[in-house]
Amino acid sequence: MRKMLLAALSRVLQGPAAAAAARPGAVSEVSRVVVASRNYADFASEATFDIKKCDLHRLEEGPPVTAVLTREEGLHYYRTMQTIRRMELKSDQLYKQKIIRGFCHLYDGQEACCVGLEAAINPTDHVITAYRAHGYAYTRGTAVREILAELTGRKGGCAKGKGGSMHMYAHHFYGGNGIVGAQVPLGAGIALACKYFGKDEICLTLYGDGAANQGQIFETYNMAALWKLPCIFICENNRYGMGTSVERAAASTDYYKRGDYIPGIRVDGMDILCVREATKFAAEHCRSGKGPMLMELQTYRYHGHSMSDPGISYRTREEIQEVRSKSDPITLLKDRMVNNSLSSVEELKEIDVEVRKEIEEAAQFATTDPEPPLEELGNHIYKNEPPFEVRGPSQWIKYKSVG
Amino acid sequence: MAAAGLGLCRLAVLASGPGPLRAGVWGRLPPLAAGSRRHAAHFTFQPDAEPSAHGQTQKMNLFQSITSALDNTLSRDPTAVIFGEDVAFGGVFRCTVGLRDKYGKDRVFNTPLCEQGIVGFGIGVAVAGATAIAEIQFADYIFPAFDQIVNEAAKYRYRSGDLFNCGSLTIRAPWGCVGHGALYHSQSPEAFFAHCPGIKVVIPRSPLQAKGLLLSCIEDKNPCIFFEPKILYRAAVEQVPVEPYYIPLSQAEVLQEGSDVTLVAWGTQVHVIREVATMAQEKLGVSCEVIDLKTILPWDTEAVCKEECFLNLEAPISRVCGYDTPFPHIFEPFYIPDKWKCYDALRKMINY
C-alpha cells in the first residue's frame, strides 16, 4: 500500500519536478518534498551507454563502443568531477583576491580526463603529467585542502608549500612539472621500473598538444617502443598550446598518430566513459607486454592557459560557450544518469551542496594555515646525513640544510 | 644558485670578531603572518639622463626599447628575421608588438614549442648568412637549447677554421626574478654560459642600455645571448633615442666613482647596489664605486680589477647573491640579495 502511494506520489510530482529541473538553479517546493520521501529503490543499479568509436592507428580493434555505468560509479565520478570543478573555480577566486600568487593553470573543462583515467587504472599504477596538475593531484589521493594550501604556499600543502601550483605530488603521482615536455622521458623511466619490478604496474605519461612538438617526446617514443615499456602516452589535446591553436603549431594535428610505430587511439576526452574504456583498453595492452600505446584525448579548457591569460584573445567567447553548453563533461554525465534513472537531479544537487561545503572548508584552511618556516628554504636540496651548510647570499650568511 | 651581484672590497679589513653570522639568525624573524604579502619591489629603478648625442628621444620602457631596436634592425637589414614562441602577436612581454604587421609574416614568425629546435634552427639561419634573432620565452627554458648554444653555436667558427660562423645569431630571453615567478620563471642562468668561449653574454640594466646593447649584439659577428631583466620591462622608463645607436660590448661602465669599496653588478641588481652605495655613504661614510658589468662574457677585466688587483685588496672579494637553493616558490623576498643583504656584507667587509 505504502509502495503504491509512493509510486503514485512520484508520478504526480514527476511533471512539475521535471519542469523545475529544466530551469537551472531552480529549487522548487515540489523537489524538496520528493527528497524527503525518496526511495533509493527507484533508481536503476546500472545502465549501458553507447560511446563514440575511437579513431585507431596501427590497431585492428579498438576499445568497446558501449560502456556500463553503475549507480555507485556514476555518483563517484560525478562527485569527483564536481569537486575538481569547484576547486578550480575556487582557485580562480583566490587568485583574483591575490591569496594565490605566481602561476596557476586551471583544469576546469578537462575533468573527464583525469577522472576517467583514474577509473581505469589501479591506485598502484603511476601517473605523471605537466603543470595543469590540480585534477590529477586530487584523483591520485591528495585532499582538496592540501591542494589549495599548496597553491597558497602554506605548510599544510602537499609539497609543504614549496612547489606551488605546478609542483604537486602524491602517492604514485610524480607531479606537477614546469618545463614543457620534460616529464615524458621521466614517464618512460617509471614504466621501465614497473617492468623491471614485475608488479604488473603501468605508467600514464601525460603531456599537452603544445608539448607534443618537443624533441624529447620523440626520443621517448623510441625508447618505449624499443624496450616495450608499459607506458601509455596520453596527449591531452585541448586545442591550444597557451595561445597557439594546434593548426598553427603542428604539421600533423593527429596527435595519436605521432608515435608512428606506436599504436594510437583518439578519444573523446569530454566523455568520461569514453576515456575510461579507452584507458582500460590501453592498460590491458601495456600490461600484456605488448609495449607502449598512445592516446589522444580531445578535450577543452574553459580558463585561459593560466590565470594571467584571459583566454579570449585567441579564441572566441562563443566557442567557449558552445563547448560549455554542448560538451561539458559534468553535464554530460549528469544527463546520462538522470535520463537513465541512475540518479535524480535532486540527489546530484545534494552532492553539489556537499562539494561546495567541502571546498569552502578547504579554502578556509588554505587561507589560515601558516606559511612554512624559513628553515624550509634550505631543506631538501640534497639528502645528507649530517646537516650541511647552504651558501647564503654573502660569505657571512650561512644557512643550514637539515634534510 | 642565482648570482645577481658581486662585491669587491679594495680597502677593508675583516673583523675576527664574534665569528660568522650564525645559521638561523634570519630564522629568528617572526614568521610572516598569514595574509601579509610583500608588494614592493626590492629595488628602485634609477633612470639615466636623456642622451643628446643620438637625436630625438622618446619615453620608452624596457620592452618598448627592445621593440625599437628590433624595428631598427628589421628596417635596415633585409635579411633579419625574428622567431620564437608567440612572437607573432607581440610576445608574452610585448617585445615584438607591431613588427609582424610592419615587416610581414615571413620575417616575424612563431615557432612551435621546441627550444632546442629554435636555437638549432637559428644557428642554421645564421650560418646561411641571414640575421637571426631567436627568442626563448623565459631564460629558465634555455636548457634544452644549451647543447646547441655551447656545442654548436659557440664552436662553429673555431672548428671550421673560420670557413663558417653563426655570428649573426642573437638569442634573447627574459631573465631574472620578477616577484612571483617561482622555480621556472625567475632564473638567472648567465653563470652557466659564462665559461663558454665563442659566445657573448650581455645583460642590460635599463631601456637606454638595452637598445644600444641589443643593437650591438645583433651587429656583432659572434653569437650573442641577450638576457632582458623581466622585472624591468614595465618598471623601467627612460628617454630613449628613436634612431639606432650602439653601446660597445665588453665594456663595463663606472656609474659612480669611489675610493673605498667597489661594487659590481649587472641587470636589475645595478639599481640595488646604487642604493647600497648611497646608504653606505650616508651611514658609514664609505665611498663606493659602482660598476655595471653589462657584458658577462667576455667581461671587462681591466675596468673591474685594474693592474695588481689582488695584492691591493684589503678584504676578500665578497659575492652577494641568492641562496644555494632552487629559486623558491614562496621565500622569494627572503631569497633575493636585496639592498639590506648587500649593505650588511659591505659593512662586514669594511670591518674585516
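These remarks concern the structure in this document. (Residues numbered from 1 in each chain as written. Chains lettered and ligands numbered in written order. Predicted model: local features only at pLDDT ≥ 70, side-chain atom pairs only at ≥ 80, totals over all residues. Heavy atoms only, no water.)

This brings us to the sheet that holds strand 10 (residues 293-298) of chain A. Residue and element names in this part refer to chain A. Strands sit in the order 2-9-10-6-5-4 across an open sheet of 6 strands; the sheet is mixed. Where the open sheet ends on each side, the last strands, each with one partner, are strand 2 (55-57) and strand 4 (126-128). When the angles between neighbouring strand axes are averaged without regard to direction, this sheet yields 20°. Two elements, strand 5 (residues 203-208) and strand 6 (residues 231-237), share 6 bridges in a ladder whose sense is parallel. (Pairing = 2+ DSSP bridges. Helix = DSSP H or I, 4+ residues; strand = E, 2+ residues; numbered from the N terminus. Axes fitted to C-alpha atoms, helices over the stretch in contact; angles between N-to-C directions.)

For the bond running from Leu297 of chain B to Pro298 of chain B, omega is -10°, close enough to zero to count as cis. By the element assignment, Pro298 of chain B lies in the loop between strand 13 (295-297) and helix 10 (301-304). With a phi close to 50°, Lys228 of chain A is a non-glycine residue in the positive phi region. Considering the arrangement of structural elements, one finds Lys228 of chain A in the loop between helix 8 (215-226) and strand 6.

Here we take up the pattern of salt bridges. As enumerated under the stated definition, the model contains 35 salt bridges over all chains in all. One salt bridge connects Asp254 of chain A with Arg266 of chain A, and the closest N-O pair in it is separated by 3.1 Å. A residue pair is termed long-range when its members are at least 10 positions apart, and Asp254 of chain A in the loop between helix 9 (246-249) and strand 9 (264-268) and Arg266 of chain A in strand 9 qualify at 12 residues. Asp254 of chain A gets classed as partly exposed once you look at its relative accessible area, which sits at 24%. One salt bridge connects Arg336 of chain A with Asp271 of chain A, and the closest N-O pair in it is separated by 2.7 Å. Linking Arg336 of chain A in helix 12 (residues 329-339) with Asp271 of chain A in the loop between strand 9 and helix 10 (272-287), this pair joins segments that are 65 residues apart in sequence. Taken as a pair, Arg336 of chain A and Asp271 of chain A share a single burial class, namely buried. Through salt bridges that share partners, Asp48, Arg205, Glu253, Arg274, Asp292 and Lys294 of chain B make up one connected network. (Salt bridge = Lys/Arg side-chain N within 4 Å of Asp/Glu carboxyl O. Buried < 20%, exposed > 50% of the residue type's maximum accessible area, 1.4 Å probe, protein only.)

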